[in-house]
Amino acid sequence: MSIAIPFLAFLLAGAFAAYHRLRLAVWAAITAGALIACWLLGANPVATIIAVAVLVAIAAPLLAPNIRKQWITARLLTFYTRLMPPLSDTERTALEAGTVGFEGQLFSGKPDWSQLLSQPKPVLTVDEQAFLDGPCEELCRMTDDWDITHVRADLPPEMWEYMKRNRFFGLNIPKEYGGLGFSALMNHKVIQKLASISSTMATTVGVPNSLGPAELLMHYGTDEQKQYYLPRLADGREVPCFALTGPFAGSDATSIPDYGIVCQGEWNGASVLGIKLTLNKRYITLAPVATLIGVAFRMYDPDALLGDTKDIGISLALVPHDTKGLEIGRRHFPLNTPFQNGPIHGDEVFVPLSQLIGGEDYAGRGWQMLMECLSIGRSITLPSISSGGAKSLACVTGAYARIRKQFGLSVGRFEGVEEALARIAGKAYAISALAQATAAAVSRGENPAVPSTIAKYHCTEMSREVIRDAMDIHGGKGIILGPRNYLGRGWQAIPISITVEGANIMTRSLMIFGQGAILCHPWVMKEMKAVALEDEQQRLDTFDGALFGHIGFAISNAVRSWWFGLTSAHIGKAPGDDYTRRFYRKLDRYSAALALMADTSMLLLGGKLKFKESLSGRLGDVLSQLYIASSMLKRYEDEGRPVGDQPLLAWAFHDSINKIETALSGALRNFPIRPVGWLLWLLVFPWGRRAQAPSDRLGHRAASLLMTPCDARQRLAQGVFLTPGVNNPAGRVDSYLPKVILADPVERKFLKALKNSDIEALDFTSQLDEGVREGWITAEERTQLEELRAMTLDAISVDDFDTEALRSAGYRDLHGRDATRAAA
Ligand SMILES: Cc1cc2nc3c(=O)[nH]c(=O)nc-3n(C[C@H](O)[C@H](O)[C@H](O)COP(=O)(O)OP(=O)(O)OC[C@H]3O[C@@H](n4cnc5c(N)ncnc54)[C@H](O)[C@@H]3O)c2cc1C
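How each quantity is defined
- Residues numbered from 1 in each chain as written.
- Predicted model: local features only at pLDDT ≥ 70, side-chain atom pairs only at ≥ 80, totals over all residues.
- Heavy atoms only, no water.
- Helix = DSSP H or I, 4+ residues; strand = E, 2+ residues; numbered from the N terminus.
- Rg over C-alpha atoms; globule rule 2.2 N^0.38 Å.
- Buried < 20%, exposed > 50% of the residue type's maximum accessible area, 1.4 Å probe, protein only.
- Contact = heavy atoms within 4.5 Å.
- Lys, Arg positive; Asp, Glu negative; His and termini not counted.
- Charge placed at Lys NZ, Arg CZ, Asp CG, Glu CD.
- Phe/Tyr/Trp six-rings, centres within 6.5 Å; stacked < 30°, edge-to-face > 60°.
- Lys NZ or Arg CZ within 6 Å of the ring centre and 35° of its normal.
- Core = buried A, V, L, I, M, F, W, Y, C linked by side-chain atoms within 4.5 Å.
- Disulfide = S-S within 2.5 Å.
- Axes fitted to C-alpha atoms, helices over the stretch in contact; angles between N-to-C directions.
- Parallel < 35°, antiparallel > 145°, perpendicular 65-115°, else oblique.
- Nonpolar A, V, L, I, M, F, W, Y, C, P; charged D, E, K, R; others polar.
- Near = heavy atom within 4 Å.
- Polar contact = N/O pair within 3.5 Å; in protein donor to acceptor, adjacent residues only side chain to side chain.
- Areas by Shrake-Rupley, 256 points an atom, 1.4 Å probe, with all protein chains shown as cover.
- Pairing = 2+ DSSP bridges.
- Salt bridge = Lys/Arg side-chain N within 4 Å of Asp/Glu carboxyl O.

Attention shifts here to the overall build of the chain. Summing up its helical and strand segments, the chain has 33 helices and nine strands in all. Against the 2.2 N^0.38 benchmark of 28 Å for 824 residues, the chain shows a C-alpha radius of gyration of 31 Å, consistent with a compact globule. With respect to the three principal axes, the spread of C-alpha positions in the chain is 100 × 90 × 45 Å. Taking all 824 residues of the chain together, 56% fall into the buried category. When contacts within the chain are restricted to residue pairs at least 6 apart in sequence, long-range pairs at least 24 apart make up 75% of them. Here the chain contributes 84 positive and 85 negative side-chain charges, whose respective centroids are spaced 7 Å apart.

As structure tokens, then:
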């Protein structure tokens, strides 16, 4: 037995040092101390000497920099250079465009939670709140989504006018240029609120305030361009759009075939140097009504008018809509969500060089400009649209499930419906935390490349699940379109969010982990930069530091992952309160597992990892769920740890953890080198997979929250438009909930008495008359029941139409009938 003790001490000292990420010299000292103690306590001297020899053999070369660099680092540098193919310019630009915030900690295997929890609570300024409660509320009140989506296929003129007058298109344009100068957080709040009543309107406002001419001008515009265009964009004199996509360039936007040739041409009556553009774009939001078109194209200078470079590269120009040769105005029809969207064609469209965004200096830098601004838009518009939709659907579906009765019970009381309600509640909580977290990151001045892809993908995917469950719970009420239907258009529109700003399959399988692994990893980017250094000695020195940092990091993650797995993450320091401490520990565990898996994958697969999209997608899922769970914990802290929110937080947290384990186990079972997968399995899941989906009991508590007026429900509803009104059927249904609950006991009493009586009256009014006469209910209770009947009827009613009214005006035109419909 005593033979094993020195080796055991050696391993334990190593594990301790690795777990706590101690320096190499400290590890050597601890191990030496442990071996001396073994010797003093009488352990087998031969075994002790062997252990000391192993220690010296490892520590001596590693602690002598010159030997280490010459014998180890130089060789690994050659191997590394072969393993990691150089980044393409496009990839490098995309990576360099982003900053790293708290998500970097999630890749560290040992997150520093204080970095997350010390971030200031996101709050609006007084002006911002006033805008949200004033013009934004009013715009929602003006909205009749049926009129927009069915009758007009457009926003009515008075809404366009109202939006322009109140500078909805200039939310983030600085005040000095006539905009509102709002923060990214406020941008999120506005889009979230608008989306809760109309996704057509939210998109119309979202696009000018995200990636497009205004954002690009604010970052790169010349003074002249800013002075001229920003005030006009802020007050709606100019309506912008941004045209990148075309028939041959969708997800791979760098392959745009649209081109511009530098040449002499005529502009405002004078002969100037400019670009002749040929372009064929499609799917461009706001194009049919746009007056200022941002165009991405590849710029060529065949006659060397600007210099020696013939292929200047992707460039961005502003083209006024009435420029000769430009053809816009026709519309696409995106799934019955009639925000303005259409193709743009241009043949030999001449614009002067001064129309290049940023002027001549920025010619050829279009891709970099787009990448630098893309995460801003991706962080806000689609996550906020998802958040607005999910929050309002959670509330209205909860109310509906309580109001709608079948088999003598509210449908929400049936366990099957309760399951769906719980999913809606948990996901709405997660979406709103995630959307707010990324908007807050932009507000803090970050350019959150990785969180923006996580938010874009997961907010839209989760909201697709929310709307699917909400449709199921509403049954036929969700299916029959008409002014009373507050679900159908959302159901139709959700694939749009999935597709735009980076289609979801590609975002998951290529971008989240692909960017995260390089950008957020504490050592990979440093190694890549070191390899690219020209000076040989500097390259070796820098690579040496990064490499040994990386090796220590990898060993530490293996130890931490195994230890957390062994203890089921029950032991360890963690922030939070009694309720959430275990949540933080679990995230520590999976952060270590992610870092371990990421390192092993990169080491063994190198550049080929890029093409292993299933593995990359699964590791991306782990990173995403870590980020989502962290956002929820931050939200819980920011809200003052409300006990009422615990069922929502717990449901969503367990869902996240279950998804993390599903992704990790999927990645391990399918690891391209099988034995490595088996070995990693032992480190990540020493007791096997343990996480479970949220329990039914938790689901019951989460679902009940949606069906009962309470603080947690109110917090969930915060920031969405649920003001009841003629054009807001969802708001009406939601507003009935407290009254319906109050009337519940009266209804039960009445129905019981009715059942036990021999009264034959069949119609409701006569039954009530009898009830009052017989003394089962008072006159006030009768009124209460009448109100209950009216509210229920309003909640469950659907629309019907004449065939003629359902035919589109276009159809009637074609058939020579009356094209004007009185429905407007
Ligand atoms: C309603 C609407 C509004 C839009 N607004 C604008 C706008 O204002 N301006 C603008 O420039 N563009 C706009 N777009 C274009 C939008 O960004 C593109 O539709 C999107 O980039 C996807 O291109 P695609 O539709 O051609 O799909 P494709 O590129 O053909 O992709 C098809 C499928 O293949 C997947 N895929 C592609 N490559 C990979 C890969 N490497 N790995 C895994 N999966 C992959 C995609 O995820 C997708 O699921 C809009 C599109 C729509 C539908």
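Further notes follow.
As a further point, take the packing of aromatic side chains. Summed over all chains, the structure comprises 18 aromatic pairs. Through a chain of ring-to-ring contacts, the aromatic side chains of Phe 131, Tyr 162, Phe 168 and Phe 182 assemble into a single cluster. Here the guanidinium or amino end of Lys 526 rests over the ring plane of Trp 523, the centre of that ring lying 4.7 Å away. Positioned over the ring face of Phe 764 is Arg 789, at 4.0 Å from the centre of the ring.

What follows covers the nonpolar core. Membership of the largest hydrophobic core comes to 130 residues, with the highest contact counts inside it found for Met 632 and Leu 664. Per element, the largest residue contribution to this core is 14 residues, and it comes from helix α16 (residues 415–443). Met 163, Leu 180, Val 207 and Ile 275 belong to the second largest nonpolar core, which has 60 residues in total.

On to the state of the cysteines. Across all of its chains, the model carries zero disulfides by this definition. The structure places no disulfide on Cys 136, whose sulfur is separated from the nearest cysteine sulfur, that of Cys 140, by 5.0 Å. Take Cys 136: its relative accessible area is 0%, and that puts it in the buried class. The cysteine Cys 241 is free of any disulfide, with Cys 373 supplying the nearest cysteine sulfur at 16 Å.

To continue, consider the packing of helix α22 (residues 536–566) against helix α26 (residues 674–684). The geometry of a pair of packed helices is captured by two quantities: the angle between their axes and the separation between those axes. Contact geometry for α22 and α26: axes closest at 7 Å, N-to-C directions at 60 degrees. One finds that α22 runs oblique with respect to α26. The residues of α26 that touch α22, namely those facing Ala 558, Ser 561, Trp 562 and Gly 565, are Leu 682, Leu 683 and Val 684. Here the contact of α22 with α26 is composed, by residue class, of five nonpolar, two polar and no charged.

This brings us to the site of the ligand. Around the ligand, the structure places 22 residues, and the nearest of them are Leu 244, Thr 245, Ser 251, Tyr 283 and Glu 613. One nitrogen or oxygen atom from the main chain of Phe 242 is found 2.9 Å from a nitrogen atom belonging to the ligand. Taking 970 Å² as the accessible area of the ligand by itself, protein coverage stands at 68%. Contributions of two or more residues to the shell around the ligand are made by β1 (240–243), β3 (270–285), α19 (488–499) and α20 (504–519). Split by residue class, the shell around the ligand holds 13 nonpolar, seven polar and two charged.

Take the pairing of strand β5 (residues 311–320) next. Extensive coverage of β5 is indicated by the burial of nine of its ten residues. As judged from the nine bridges shared by strand β4 (residues 292–300) and β5, these two strands associate in the antiparallel manner. For Arg 298, the partnering residue across the bridge sits in β5 and is Ile 314.

Another aspect to go through is the pattern of salt bridges. Taken as a whole and assessed by the stated rule, the structure comprises 38 salt bridges. The partner of Arg 237 in a salt bridge is Asp 235, and the shortest N-O contact between them spans 3.0 Å. With a shortest N-O distance of 3.1 Å, Arg 484 and Asp 794 are connected by a salt bridge. With Arg 484 in the loop between α18 (476–479) and α19 and Asp 794 in helix α31 (residues 779–796), this residue pair connects regions lying 310 residues apart in the sequence. Owing to a relative accessible area of 28%, Arg 484 belongs among the partly exposed residues under this scheme. Salt bridges sharing common partners tie together Arg 402, Lys 405, Asp 744, Glu 747 and Arg 748.

As far as function goes, none of this settles anything; it's purely spatial.
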